[in-house]
Amino acid sequence: MKTYFSNSNLFGLKSNIITALLMMIASNFTLAQLNAEDSLFSEARAYLSNGYYDSAVNSLNKLIELNPNSADAYDLLGNVYSLKGGFDKAVAMYHMCIKLDSTAISMYGNLGNAYIDAGELDSAIAVHKFLTTKDSINSYHFIDLGDAYMKKEDITQAKNCFETAIRLNHYSSRAL
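Residues numbered from 1 in each chain as written. Predicted model: local features only at pLDDT ≥ 70, side-chain atom pairs only at ≥ 80, totals over all residues. Heavy atoms only, no water.

Helix and strand counts for the protein chain stand at eight helices and zero strands. When the 176 residues of the protein chain are sorted by exposure, 35% land in the buried category. Long-range pairs, those at least 24 residues apart, make up 40% of the contacts in the protein chain with a sequence separation of at least 6. For the protein chain, the exposed area adds up to about 11,100 Å²; of that, 56% sits on carbon and sulfur atoms. (Helix = DSSP H or I, 4+ residues; strand = E, 2+ residues; numbered from the N terminus. Buried < 20%, exposed > 50% of the residue type's maximum accessible area, 1.4 Å probe, protein only. Contact = heavy atoms within 4.5 Å. Areas by Shrake-Rupley, 256 points an atom, 1.4 Å probe, with all protein chains shown as cover.)

Right, let's get into the pattern of salt bridges. Side-chain pairing between opposite charges can occur once the charged atoms of the two side chains come close. Inspection of every chain in the model, using the stated rule, returns three salt bridges. Between Lys 84 and Asp 54 there is a salt bridge; the shortest N-O distance is 2.5 Å. With Lys 84 in helix α3 (residues 71-84) and Asp 54 in helix α2 (residues 53-66), this pair connects stretches of sequence that are 30 residues apart. For Lys 84, a relative accessible area of 41% translates into the label partly exposed. (Salt bridge = Lys/Arg side-chain N within 4 Å of Asp/Glu carboxyl O.)

On to the side chain of Thr 132, then. Relative to the assigned elements, Thr 132 resides in helix α6 (residues 121-134). Look at Thr 132 and you get buried, because its relative accessible area is 10%. Polar side-chain contacts of Thr 132 include one of 2.7 Å to the backbone oxygen of Lys 129. With residues near it in sequence (within four places) discarded, Thr 132 still touches His 141, Phe 142 and Leu 145. (Polar contact = N/O pair within 3.5 Å; in protein donor to acceptor, adjacent residues only side chain to side chain.)

Here we take up the nonpolar core. With 42 residues, the main nonpolar core has Leu 60, Leu 77 and Leu 111 as its most contacted residues. Those elements giving two or more residues to this core turn out to be α1 (7-49), α2, α3, α4 (87-100), α5 (105-118), α6, α7 (139-151) and α8 (155-168). If you tally residues by element for this core, the top one is α3, at seven residues. Leave out the neighbours within four places in its chain, and Leu 60 touches Phe 41, Ala 44, Ala 73, Leu 76, Leu 77 and Val 80. (Core = buried A, V, L, I, M, F, W, Y, C linked by side-chain atoms within 4.5 Å.)

What follows concerns α6. Between its first and last C-alpha atoms α6 spans 20 Å; for 14 residues at 1.5 Å apiece the expected length is 20 Å, and the two agree. Within the span of α6, buried status applies to Leu 121, Ala 124, Ile 125, Val 127, His 128, Leu 131 and Thr 132. Buried residues of α6, seen end-on, are gathered within an arc of 165° and therefore sit on one face of the element. Within α6, the exposed residues directed more than 90 degrees away from the buried face are Asp 122, Thr 133 and Lys 134. The elements touched by buried residues of α6 are α5 and α7. (Expected span 1.5 Å × (residues − 1). Arc of directions from axis to C-beta.)

Moving on, we come to the packing of α7 against α8. Contact geometry of α7 with α8 gives a least axis separation of 8 Å together with a crossing angle of 165°. The pairing of α7 with α8 is recorded here as roughly antiparallel in orientation. For the pair α7 and α8, the crossing hand works out as left-handed. Facing Ser 139, Phe 142, Ile 143, Leu 145, Gly 146, Asp 147, Tyr 149 and Met 150 of α7, the residues of α8 in contact are Ile 155, Gln 157, Ala 158, Cys 161, Phe 162, Thr 164, Ala 165 and Leu 168. (Axes fitted to C-alpha atoms, helices over the stretch in contact; angles between N-to-C directions. Parallel < 35°, antiparallel > 145°, perpendicular 65-115°, else oblique. Left-handed = near helix turned anticlockwise from the far one by under 90°.)

Taken N-terminus to C-terminus, the directions of α3 and α5 make an angle of 25°; their axes are 11 Å apart at the nearest point. Classified by the angle between their axes, α3 and α5 sit roughly parallel to one another. α5 is crossed by α3, and the crossing has left-handed handedness. Here Ala 71, Asp 72, Asp 75, Asn 79 and Ser 82 of α3 lie close against α5, whose contacting residues are Met 107, Asn 110 and Ala 114. Of the residues that constitute the contact of α3 with α5, the class distribution is three nonpolar, three polar and two charged. (Nonpolar A, V, L, I, M, F, W, Y, C, P; charged D, E, K, R; others polar.)

As structure tokens, then:
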């Protein structure tokens, strides 16, 4: 007995094959994009670790063009700008980073420290106070808050922060 395919069955088979091919092409494109992002991120970190800040910025800008939603790229770009002394640009990058990933506590710490370096001490204090409420057992948040108070020359508040950091971590040389 012969089996006959009707046009509708044949069309369904062709449609499934075309769909599968398109999915394979799309997944290969996505994989290639992820590989390119990883490569650019690694390249930027290598430039950064060797002190080639402008090259790191170029690599990160390419990565952001490829994936404008990469919070990690904005965070690393903020780090590069901080190292270059461009604290206003660093603050802008950290804000962008937090806008994309508000759950990353370390990014808030970077923002607070960039505010300290930029001389925006009230903003730094606000960010670091926020961090101490979010993660009240991390001595580093209290140390950073103490640093902001020291820059503001509020010695009493700084001392309280450093004492809290020492209570949380007796071995914290930064707090001592």
